[in-house]
Amino acid sequence: KLLLSLLPKTVLEAVETHWAEIGVQPMELVLSVRRQVEFRCRPLGEKRMRCDFLSHLCSTEEINAVVQKIGEKNFTIQDRAGIDGTLHRISAVRNATGDVVTLVMRIGRSSRILAGLLEDILADSKSILILGPPGVGKTTLLRACAARMSEDQSTVIVDPAGEIAGCGDEPHKSAG
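Residues numbered from 1 in each chain as written. Predicted model: local features only at pLDDT ≥ 70, side-chain atom pairs only at ≥ 80, totals over all residues. Heavy atoms only, no water.

A. Examining the environment of C41 more closely. If you trace the backbone, C41 turns up in strand β2 (residues 36-41). The buried category is assigned to C41, whose relative accessible area is 0%. C41 has contacts with I22, V24, Q25, P26, M27, R48, M49 and R50, leaving out every residue within four places of it along the chain. (Helix = DSSP H or I, 4+ residues; strand = E, 2+ residues; numbered from the N terminus. Buried < 20%, exposed > 50% of the residue type's maximum accessible area, 1.4 Å probe, protein only. Contact = heavy atoms within 4.5 Å.)

The structure is reproduced here in structure tokens:
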């Protein structure tokens, strides 16, 4: 709800209407100037992320309203921002003059159960490589592993983009 509260009323209504129609929570929302809002989700049982284009076209004013709610100073040098206490992430794309023209709003998730899948590898302190297409849970798995490892040993997360532990001053509790 915190991420959706950043949306202007017109965009929020379009998103909520579509969500109710398809019955699947969004994983990402993409707002681009003079383009249709993108509603990205992964319905239960489907392997790939689904991208639906809503009828609502975003205006510059709507993008600017979201940026103003987030606060321009809250965007990092990588043009990412978050909401304190959550794992949600907002990425900005700027034009040549520095104006935000696209916002990608990703809903962050956590699951401590996932670390059990890699319990043996984590216990041996082996290196692992996590690969997969967008939206399949790579970051969620990494977050769960960090939380599991922090139960037994001192753990440091180097995460300048704020994807694993959130963008706040304190790491999100799901990261350990």
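B. Examining the sheet that holds strand β6 (residues 100-106) more closely. The six strands are arranged β3-β2-β1-β6-β5-β4 in an open sheet whose pairing can be described as antiparallel. Every other strand in the sheet has two partners, leaving β3 (50-57) and β4 (80-82) as the edge strands with one partner each. Within the sheet, the average angular offset between the axes of one strand and its neighbour, ignoring direction, is 20°. Where helix α1 (residues 9-22) meets the sheet, it contacts β1 (28-32), β2 and β3, and its direction lies at approximately 140° from that of β3. Of the strands in this sheet, β1, β3, β4, β5 (89-94) and β6 are in contact with helix α2 (residues 60-70), which crosses β6 at around 60°. (Pairing = 2+ DSSP bridges. Axes fitted to C-alpha atoms, helices over the stretch in contact; angles between N-to-C directions.)

C. Structural detail: helix α4 (residues 138-152). The end-to-end C-alpha distance of α4 is 22 Å, a good match for the 21 Å that 15 residues give at a rise of 1.5 Å each. Within the sequence span of α4, burial applies to T140, L141, R143, A144, C145, A146 and A147. (Expected span 1.5 Å × (residues − 1).)

D. Up close: unusual backbone geometry. The backbone phi angle of R34 is positive, close to 60°, even though this residue is not glycine. With respect to the helices and strands, the residue R34 is situated in the loop between β1 and β2. By relative accessible area, R34 is classed as exposed at 67%. Although it is not a glycine, D79 adopts a positive phi angle of roughly 60°.

E. Local environment of the packing of aromatic side chains. Under the counting rule described, the total for this entry stands at zero aromatic pairs. The aromatic ring of F75 is capped on one face by R94, whose charged end is 5.9 Å from the ring centroid. (Phe/Tyr/Trp six-rings, centres within 6.5 Å; stacked < 30°, edge-to-face > 60°. Lys NZ or Arg CZ within 6 Å of the ring centre and 35° of its normal.)

F. Looking closely at the pairing of β2. Relative to β2, β1 runs antiparallel, the two being bridged by three bridges. Within β2, the position partnered with V30 by the bridge is E38. The antiparallel hairpin formed by β1 and β2 contains three residues in its connecting segment, where R34 sits at a positive phi of about 60°. In this structure, β2 lies alongside β3, joined through five bridges in antiparallel fashion. By the bridge assignment for β3, Q36 is matched with L57.

G. Structural context of the nonpolar core. Residues V15, L31, I90, L103 and M105 are the most contacted members of the largest nonpolar core, which totals 29 residues. Mapped by element, the contributors of at least two residues to this core are α1, β1, β2, α2, β5 and β6. Tallying contributions element by element places α2 first for this core, with four residues. Those residues in contact with L103 that sit more than four places away from it in its chain are L29, V30, L31, I63, V66, V67, F75, I90, S91 and A92. (Core = buried A, V, L, I, M, F, W, Y, C linked by side-chain atoms within 4.5 Å.)

H. Looking closely at the pairing of β6. Across the seven residues that make up β6, a large majority, six, are buried. Sheet topology places β1 next to β6; five bridges connect them, and they run antiparallel. Opposite E28, over in β6, you have R106 as the bridge partner. The turn joining β5 and β6, which pair antiparallel and follow one another in sequence, is formed by five residues; a positive phi near 95° is taken by G98.

Treat this as a map of the structure, not an account of what it does.
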